[in-house]
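# Results of the structural survey
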Amino acid sequence: MKQTSSEIPALHEMFREAFKIGAAVSTGIIAAQGPFIARHYNSITAENEMKPALVQPQEGEFTFEAADSIFEYAEAHGIGVRGHTLLWHNQTGDWMFRDTEGGTCSREQLLARLQTHINTVVGRYRGRAYAWDVVNEAIEDKTDQYLRDTQWLEIIGEDYLRQAFEMAHQADPDALLFYNDYNETDPVKSVKIHKLVRSLLDQNTPIHGIGMQGHWNIYGPSIEEIRNALKLYASLGLKIHITELDLSVFRHDDKRTDLKAPTAEMLKLQEERYAEIFALLLEFKDSIDSVTFWGVADDYTWLDGFPVRGRKNWPFLFDEQKQPKASFARLADLTASQS
Ligand code: GLA
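Report follows, based on the coordinates. The residue numbers shown here count from 1 along each chain, following its written sequence. Totals for whole chains, interfaces and linings use all residues, but because this is a predicted model, local features are given only for residues with pLDDT of at least 70 and pairs of side-chain atoms are given and counted only at 80 or more. Hydrogen atoms and water are omitted, and side-chain values are computed over all heavy atoms in the structure.

## Structural notes on the side chain of His 84
- Each helix corresponds to a stretch of at least 4 residues labelled H or I by DSSP, and each strand to a stretch of at least 2 residues labelled E; elements are numbered beginning at the N terminus. Secondary-structure assignment places His 84 in strand β3 (residues 80-87).
- For the purposes of these results, a polar contact is taken to be a pair of N or O atoms within 3.5 Å, where, inside protein, one atom must be able to donate a hydrogen and its partner to accept one; residues adjacent in sequence count only when each atom of the pair is a side-chain atom. In this structure the side chain of His 84 is engaged in a polar contact, spanning 2.9 Å, whose partner is the side chain of Asp 133.
- Contacts are assigned to residue pairs that have any heavy atoms within 4.5 Å of one another. With sequence-adjacent residues up to four places away left out, His 84 is seen in contact with Thr 45, Ala 46, Glu 47, Met 50, Lys 51, Trp 132, Asp 133, Asn 136, Asn 180, Glu 244 and Trp 294.

Here it is as structure tokens:
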């Protein structure tokens, strides 16, 4: 007989000895699916509503309604909040980098704006977010250059990274502070990420962990690549959070648009991958203390629009009706066999 979702174990309970299990959410998703989220997840991240352009669309105009309601929901249900994100080259108002004439602002002005942004946002939720992604995606990965060419780097210089962490630490000394990035298992990029975090630590920067986004697919990266990256990052003695996990059913260069449902073969591969990935994450549970999916269930994922616009994807453990997929059952077996 098919199990209904109220009979199955809660996802976060299955991993309670190892790490928190999170989901990316929005206020709309919470309104529609609040009880389901609270049953299966014990951490949430705002998919968009706490990004710089959304909380400070214009200089000094802060809009906290959405973020406030996400915290209120989380606190009413005993769910932790990962703050995401304070400094990024995307989804940040262009005003941040401009002077009054529309030219490029000065280093001092940009640092002052960064300070105001971080103080206001992190300060508002002081003691309420257990972790923050302080800097998102600062490493270059298209060329052999080290840091990504961004306005932050151009205007402030390399020390913008250290400064952002110091500002966040001042605003909430108890929050765990993360550097977050994608393609984090790539052998070349992971060495650059390690180098960056090592150099921040060498400057006594208050950084506590590395966020591995985990936008993977059912074909790759290989378990060996993921293991090597986990080993490399864990060797820094910091925490690791998997921050944006999803397993696309398509390879990145697959442009197909005709599928109305995942094939049996895709679901089988996805199930195998979820089982082997979580077995690996459990091996690293002393370093990993939070694993967040970049969504709640297959009814909605950012992958429905990326990299192929309007194409449906099915990357999670729960299907479009929020029923557990075979992948979920594999994780239930995996955790049952470990306890
Ligand atoms: C990156 C960001 C996330 C999100 C995804 C796409 O991974 O860190 O906030 O924007 O891209 O949804």
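The structure having been displayed, the exposition proceeds.
## Details of the nonpolar core
- In this text, buried Ala, Val, Leu, Ile, Met, Phe, Trp, Tyr and Cys residues form a nonpolar core when linked through side-chain atoms within 4.5 Å. Any residue under 20% of the maximum accessible area for its type is buried, any over 50% is exposed, and the rest in between are partly exposed; the area is computed with a 1.4 Å probe on protein chains only. Ranked by size, the top nonpolar core spans 104 residues in total, and within it Leu 11, Phe 19, Ile 44, Trp 132, Tyr 179, Phe 278 and Phe 293 carry the most contacts.
- In this structure, Trp 132 is in contact with Met 50, Gly 83, His 84, Leu 86, Val 121, Val 122, Ala 175, Leu 176, Leu 177 and Phe 178, ignoring residues within four places of it in sequence.

## Structural notes on the site of the ligand
- Proximity is defined per residue: any heavy atom of the residue falling within 4 Å of a molecule or strand makes that residue near it. Around the ligand, the surrounding shell consists of Glu 47, Lys 51, His 84, Trp 88, Gln 91, Asn 136, Glu 137, Gln 213, His 215, Glu 244, Trp 294 and Trp 302.
- The contact in question runs from an oxygen atom of the ligand to an N or O atom on the side chain of His 84, over 2.5 Å.
- Between His 215 and the ligand, the recorded distance is 3.3 Å, taken from a side-chain N or O atom to an oxygen atom.
- For accessible areas, the Shrake-Rupley method is used with a probe of radius 1.4 Å. Any residue's cover is judged against the shown protein chains and nothing else. Taken by itself the ligand offers 300 Å² of open surface, and the protein chains cover 89% of this.
- Counted by class, the shell around the ligand contains three nonpolar, five polar and four charged residues. Only Asp, Glu, Lys and Arg are considered charged, only Ala, Val, Leu, Ile, Met, Phe, Trp, Tyr, Cys and Pro nonpolar, and every remaining residue, Gly among them, polar.

## Examining helix α4 (residues 65-76)
- Helix length check: α4 (12 residues) gives 16 Å between terminal C-alpha atoms against 16 Å at 1.5 Å per residue, within 8%.
- Burial in α4 covers these residues: Ala 67, Asp 68, Ile 70, Phe 71, Tyr 73 and Ala 74.
- The secondary structure elements touched by the buried residues of α4 are α2 (27-40), β2 (43-46), β3 and α5 (107-124).
- Phi turns positive one or two residues past the end of α4, at Gly 78, with a value near 65 degrees. Given a helix with a known number of residues, its expected span is that number minus one, times 1.5 Å.

## Observations concerning α2
- Bending of α2 peaks at approximately 90 degrees at the position of Gln 33, with proline Pro 35 no more than four residues after it.
- Considered for burial, the residues of α2 that qualify are Ile 29, Ile 30, Gln 33, Gly 34, Phe 36, Ile 37 and His 40.
- Buried positions along α2 lie against α1 (11-14), β1 (20-25), β2, α4 and α11 (326-338). Consider a residue and the seven residues that end there alongside the seven that start there; fitting an axis to each set, the bend is the angle between those axes.

## Notes on unusual backbone geometry
- Along the chain, His 84 connects to Thr 85 via a cis peptide bond; the corresponding omega equals 0 degrees.
- With respect to the helices and strands, the residue Thr 85 is situated in strand β3.
- Note that the residue after Phe 306, namely Pro 307, is joined by a cis bond; omega there is -5 degrees.
- Tracing the chain through its elements places Pro 307 in the loop between β9 (288-293) and α11.
- For Gln 91, which is not glycine, the phi dihedral falls at a positive 45 degrees.
- Relative to the elements of secondary structure, Gln 91 occurs in the loop between β3 and α5.
- Here Glu 137, not a glycine, exhibits a phi torsion of approximately 60 degrees, which is positive.
- For Glu 137, the location among the structural elements is in the loop between β4 (131-136) and α6 (151-156).
- Relative accessible area serves as the criterion here: at 9%, Glu 137 is assigned to the buried category.

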